[in-house]
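Each chain is listed here by its residues.
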Amino acid sequence: MELKVSSLAERPEMVQPVVGMANNWPEFVTQDLVGDAHYGRIATDLPGYVLFAEDERGDVVAHAYSVPFALAAEDRGELPARGWDQVLVWAFEDLRRGVRPDTVSAIAIVVAPQVQGRGLSARMLSAMRDNARAHGFTEVVAPVRPSAKHLEPHTPIEEYAHRVRADGLPHDPWLRVHARAGATVERVAPASMTVSGSLEQWRGWTGLPFDTRGDVEVPGALVPVRCEPERGYAVYVEPNVWMRHRL
């Protein structure tokens with residue numbers, strides 16, 4: 001497939017096709033309040049870090065979001081346990097305060113459903129690395145959402161993150177794409193994203209009854225959702241895996 005990759009800084013007129021591109025995220029994943037408050041701002045406030053790919057017909061078939069932030073700032077230094085949520089907060093805090101960033105974090109690489117399985121995610125990851133290098137950065141970090149972890153919701157993330165195949169590459173397909181691009185596993189982010197809601201909200205997001213106390217396996221969830229019917233809520237705390245790309 002012939003692809004043309006651009007940034008929204010170069011092509012600001014493409015913001016609506018990029019933002020509106022179809023995806024197949026589970027609905028509950030989009031209910032993270034930190035993501036809801038910050039993700040949509042990336043395209044408008046940091047357009048140089050939003051890349052998109054067009055096919056031969058000019059249709060947007062993939063996009064890659066990243067954010068610059070100051071990892072070496074005071075009281076930081078380590079990749080955070082709160083992963084995806086925390087790096088979004090840091091990035092926009094730094095932008096607001098005019099703090100000079102020293103690192104780029106991947107936020108999402110999304111491939112349109114009709115072209116998945118053709119290697120576009122790896123191509124967009126490579127483009128993200130090149131874009132960070134072009135902006136003068138020497139590393140990209142990524143709070144990776146392992147793509148096959150949902151098949152093993154009860155497997156501890158530490159065990160899963162470090163599982164490798166006979167060739168030494170990660171067992172998980174999306175971790176493996178990052179490893180092939182040169183990344184290494186840095187650490188686990190045990191609370192990378194948190195989604196909380198009423199039982200009625202969870203029923204609407206998942207179609208499940210959410211009427212029994214305890215862990216509920218939800219399609220697409222990397223770990224079970226904790227249901228507390230007597231208190232009227234359920235909470236999902238998603239772990240991710242921090243991977244570091246030296247450029």
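What counts as what
- Residues numbered from 1 in each chain as written.
- Predicted model: local features only at pLDDT ≥ 70, side-chain atom pairs only at ≥ 80, totals over all residues.
- Heavy atoms only, no water.
- Helix = DSSP H or I, 4+ residues; strand = E, 2+ residues; numbered from the N terminus.
- Buried < 20%, exposed > 50% of the residue type's maximum accessible area, 1.4 Å probe, protein only.
- Contact = heavy atoms within 4.5 Å.
- Salt bridge = Lys/Arg side-chain N within 4 Å of Asp/Glu carboxyl O.
- Polar contact = N/O pair within 3.5 Å; in protein donor to acceptor, adjacent residues only side chain to side chain.
- Axes fitted to C-alpha atoms, helices over the stretch in contact; angles between N-to-C directions.
- Parallel < 35°, antiparallel > 145°, perpendicular 65-115°, else oblique.
- Left-handed = near helix turned anticlockwise from the far one by under 90°.
- Nonpolar A, V, L, I, M, F, W, Y, C, P; charged D, E, K, R; others polar.
- Phe/Tyr/Trp six-rings, centres within 6.5 Å; stacked < 30°, edge-to-face > 60°.
- Core = buried A, V, L, I, M, F, W, Y, C linked by side-chain atoms within 4.5 Å.

## Brief notes about the environment of V61
Move 1: By the secondary structure assignment, V61 is in strand 3 (residues 60–69).
Move 2: Residue V61 is classed as buried on the basis of its relative accessible area, which comes to 2%.
Move 3: Along the backbone, V61 and Q114 are 53 residues apart, and their C-alpha atoms lie at a distance of 8.3 Å.
Move 4: Here V61 is in contact with M1, L3, M21, A53, D55, V110, V111, A112, V115 and L120, once residues within four sequence places are set aside.

## With respect to the pattern of salt bridges
Move 1: In total, this model carries 22 salt bridges according to the counting rule given.
Move 2: For R57, the salt bridge goes to D55, with nearest N and O atoms at 3.8 Å.
Move 3: With relative accessibility at 11%, the residue D55 sits in the buried group.
Move 4: The closest approach of N and O atoms between R246 and E139, which form a salt bridge, is 2.8 Å. Here E139 lies in strand 5 (residues 139–144) and R246 lies in strand 9 (residues 233–246), a separation of 107 residues in the sequence.
Move 5: Taken together, the shared-partner salt bridges in this structure form one network comprising R213, D215, R226, E228 and E230.

## Structural notes on the environment of T44
Move 1: For T44, the location among the structural elements is in helix 2 (residues 33–45).
Move 2: T44 gets classed as exposed once you look at its relative accessible area, which sits at 56%.
Move 3: Once the C-alpha coordinates of T44 and A9 are considered, the two residues, 35 residues apart in sequence, prove to be 9.2 Å apart.
Move 4: A distance of 3.2 Å separates the side chain of T44 from the backbone oxygen of R41, its partner in a polar contact.

## With respect to the packing of helix 2 against helix 3 (residues 83–97)
Move 1: Contact geometry for helix 2 and helix 3: axes closest at 10 Å, N-to-C directions at 50°. It follows from the interaxial angle that helix 2 and helix 3 lie oblique. As for how helix 2 packs across helix 3, the hand of that crossing is left-handed. Counting all contacts with helix 2, which are made through V34, G35, H38, Y39, R41, I42 and D45, the residues of helix 3 involved are W84, D85, L88, V89, F92 and L95.
Move 2: Among the residues making up the contact of helix 2 with helix 3, the classes are represented as eight nonpolar, two polar and three charged.

## As for the packing of aromatic side chains
Move 1: Enumeration over the complete set of coordinates arrives at seven aromatic pairs.
Move 2: Taken together, a centroid distance of 5.0 Å and an interplanar angle of 70° make the contact between W202 and W205 edge-to-face. In this pair, W202 and W205 both sit in helix 7 (residues 199–206), three residues apart, roughly one turn of the helix.
Move 3: Assessed through its relative accessible area of 0%, W202 is described here as buried.
Move 4: These aromatic residues form a ring-pair network of at least three members: F28, W202, W205, F210 and Y236.

## Structural notes on the nonpolar core
Move 1: One finds V18, F28, I42, I107, W202, F210 and Y236 to be the most contacted residues of the largest nonpolar core, which totals 76 residues.
Move 2: If we ignore the near neighbours within four places in the chain, the residues touching Y236 are F28, R145, M193, T194, V195, W202, A221, L222, V223, P224 and V225.

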